[in-house]
Amino acid sequence: MLGSVPVRQDLPDDMAAWVVHEPGPAAGHPLRRKTLPVPQLSLGEILVRVLVCAVCRTDLHLAEGDLAPKSPDTVPGHEVVGEVVAVADDVVGFEYGQRVGIAWLRWTCGRCHYCQRGAENLCPASRYTGWDADGGYAEYAAVPADYAYPLPTGYSDDELAPLLCAGIIGYRALRRAALPPGGRLGVYGFGASAHLATQVAIAEGATVHVLTRAGGARELALSLGAASAGQAYDSPPEPLDAAILFAPVGDLVPVALEALDAGGTLAIAGIHLSDIPELNYQRHLFRERQVRSVTANTRTDGREFLDFVATHHVHVTTTPYAFAAADQALADLAADRVAGAALLRIGSAGHG
Ligand SMILES: [Zn+2]
Ligand SMILES: [Zn+2]
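It should be emphasised that the depicted structure is a prediction, and the values quoted were computed from it without experimental measurement. (Residues numbered from 1 in each chain as written. Chains lettered and ligands numbered in written order. Predicted model: local features only at pLDDT ≥ 70, side-chain atom pairs only at ≥ 80, totals over all residues. Heavy atoms only, no water.)

Before going further, it helps to spend a moment on the overall build of the chain. When helices and strands are tallied, the chain shows 10 helices and 17 strands. Computed over C-alpha atoms, the radius of gyration of the chain comes to 20 Å, within 12% of the 20 Å expected from 2.2 N^0.38 for 352 residues, which places it in the range of a compact globule. The proportion of buried residues among the 352 residues of the chain is 55%. Intrachain contacts of the chain at a sequence separation of at least 6 include 71% that bridge at least 24 residues. Seen as two clouds, the 26 positive and the 39 negative side-chain charges of the chain have centres 4 Å apart. (Helix = DSSP H or I, 4+ residues; strand = E, 2+ residues; numbered from the N terminus. Rg over C-alpha atoms; globule rule 2.2 N^0.38 Å. Buried < 20%, exposed > 50% of the residue type's maximum accessible area, 1.4 Å probe, protein only. Contact = heavy atoms within 4.5 Å. Lys, Arg positive; Asp, Glu negative; His and termini not counted. Charge placed at Lys NZ, Arg CZ, Asp CG, Glu CD.)

Put into structure tokens, the structure is as follows:
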């Protein structure tokens with residue numbers, strides 16, 4: 001429905017972007033810089049000038065080919081903080097200049113039995129930003145307004161960006177881990193998502209044990225209030241009521257299951273996981289231990305999490321990169337050289 005959408009005069013025709021040109025190891029620079037037309041709005045959409053886009057491990061999986069591209073030369077990036085620069089005629093609730101977030105989930109059918117029962121994260125027709133449609137490694141990005149998030153005050157653009165996937169997915173993973181009130185939580189891997197979910201759990205009264213290979217991440221965990229921090233394959237100092245596996249390492253599934261107390265739940269947070277080794281029923285599952293996956297998130301998860309951080313300040317550790325260094329950010333994430341969340345600084349607010 002082009003032509004029905006008023007676009008402000010001062011928008012350029014073209015923009016700078018990064019695309020996944022040929023998936024391969026991050027060290028081999030699978031991203032390519034490209035000039036693309038500024039996205040045209042369809043009905044129901046808003047156009048956002050991208051200020052910051054955080055770098056998610058899913059971007060890495062796409063760039064490296066662990067997740068098959070939906071189409072060639074897709075712009076990755078689904079943790080976008082930007083300002084609204086155009087609004088389709090039929091959109092209500094968003095204003096020019098408003099700071100908004102664009103996240104991973106960008107469309108669901110609303111009619112299938114998953115959508116009908118509040119599990120839109122499982123909708124078979126769902127679409128994702130930076131995979132089914134161009135994302136935020138670009139100067140502009142369009143999104144259906146129903147899937148954009150108003151953002152809380154009290155945080156910088158840099159701090160907000162990682163909340164939009166790392167934060168929301170971590171929050172859903174924590175809920176899927178079914179941690180009882182005041183319970184003991186194990187966190188395996190301590191990147192962007194884990195460091196946010198850990199703070200939510202601690203704010204809710206949990207005791208958190210972090211198990212991760214990177215020494216800097218263990219220090220960060222302790223500084224954020226974790227009760228202990230050990231190596232990825234260590235045993236935690238006490239049995240766990242629940243655990244979340246953030247590291248995309250299937251070898252850690254039996255390790256985490258063995259660390260669970262009877263009745264405990266392991267939630268696997270990643271979209272991609274290396275193979276899980278053979279499990280032994282007695283050692284890993286008996287006594288009602290459970291293992292669960294986490295698939296994307298619902299908009300309700302997103303709103304609940306953003307409401308939580310609006311009232312409980314979380315510390316967001318970021319490693320910023322210039323827009324021109326997007327491929328370096330991915331390579332650093334692949335090599336575990338990033339503290340907290342990597343992010344790309346793309347634009348600045350209020351310029352036209
Ligand atoms: Zn559906
Ligand atoms: Zn993500």
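Still more ground to cover, so stick around.
Before going further, it helps to spend a moment on the packing of aromatic side chains. One pass over the full model with this rule turns up five aromatic pairs. Aromatic side chains tyrosine 128 and tryptophan 131 sit 6.1 Å apart centroid to centroid with 35° between the ring planes, which places their arrangement in the tilted category. The class for tyrosine 128 is buried, based on a relative accessible area of 9%. Overall, the relative accessible area of 15% leaves tryptophan 131 in the buried class. Among the aromatic residues, those joined into a cluster by ring pairs are Trp104, Tyr128 and Trp131. (Phe/Tyr/Trp six-rings, centres within 6.5 Å; stacked < 30°, edge-to-face > 60°.)

For the zinc ion (ligand 1), the full set of protein donor atoms is Cys109 (SG), Cys112 (SG), Cys115 (SG) and Cys123 (SG), at a range of 2.3 to 2.4 Å. Taken together, the four donor atoms surrounding the zinc ion (ligand 1) define angles of 105 to 117° at the centre, an arrangement classified as tetrahedral. One chain supplies every donor to the zinc ion (ligand 1), and in sequence these donors are spaced C-x2-C-x2-C-x7-C. For the pair cysteine 109 and cysteine 115, a shared accessibility class is recorded, and that class is buried. (Donors = N, O, S within 2.8 Å, 3.2 Å for Na, K, Ca; no water. Tetrahedral: all angles 85-135°; square planar, octahedral: opposite > 155°, others 65-115°.)

Right, let's get into the coordination of the zinc ion (ligand 2). Coordination sphere of the zinc ion (ligand 2), protein contribution only: Cys56 (SG), His78 (NE2) and Cys165 (SG), at 2.0 to 2.2 Å. Along the chain, the residues donating to the zinc ion (ligand 2) are arranged with the sequence spacing C-x21-H-x86-C. Taken together, the positions of cysteine 56 in the loop between strand 3 (45-55) and helix 1 (57-64) and cysteine 165 in the loop between helix 3 (157-160) and helix 4 (166-176) put the pair 109 residues apart, joining distant regions of the chain. As far as the burial class goes, cysteine 56 and cysteine 165 line up, both buried.

Our focus in this paragraph is empty space enclosed by the protein. Applying the stated criterion to the full structure yields one cavity of 30 Å³ or more. Space inside the largest cavity adds up to approximately 50 Å³. The wall of the largest cavity is formed by Val20, Leu62, Pro69, Lys70, Thr74, Gly130 and Trp131. Tallied by class, the residues present in the lining of the largest cavity amount to four nonpolar, two polar and one charged. (1 Å grid on protein atoms, 1.4 Å probe; cavity = no way out; pocket = protein on both sides within 12 Å on 5 of 7 lines; lining within 4 Å. Points joined across faces, edges and corners; volume = space filled by probe spheres on them. Nonpolar A, V, L, I, M, F, W, Y, C, P; charged D, E, K, R; others polar.)

A sheet is described by the order of its strands in space; here six strands give the open sequence 12-11-10-13-14-15, paired in parallel fashion. With one partner strand each, in any of the chains shown, strand 12 (228-230) and strand 15 (290-293) form the two edges of the open sheet. Taken over all neighbouring pairs, the strand axes of this sheet differ in orientation by 20° on average, direction set aside. Where strand 13 (residues 240-245) and strand 14 (residues 260-268) come together, five bridges link them in parallel fashion. Paired with leucine 245 across the bridge in strand 14 is isoleucine 268. (Pairing = 2+ DSSP bridges. Axes fitted to C-alpha atoms, helices over the stretch in contact; angles between N-to-C directions.)

Interpretation note: all reported values are geometric properties and have no functional meaning in isolation.
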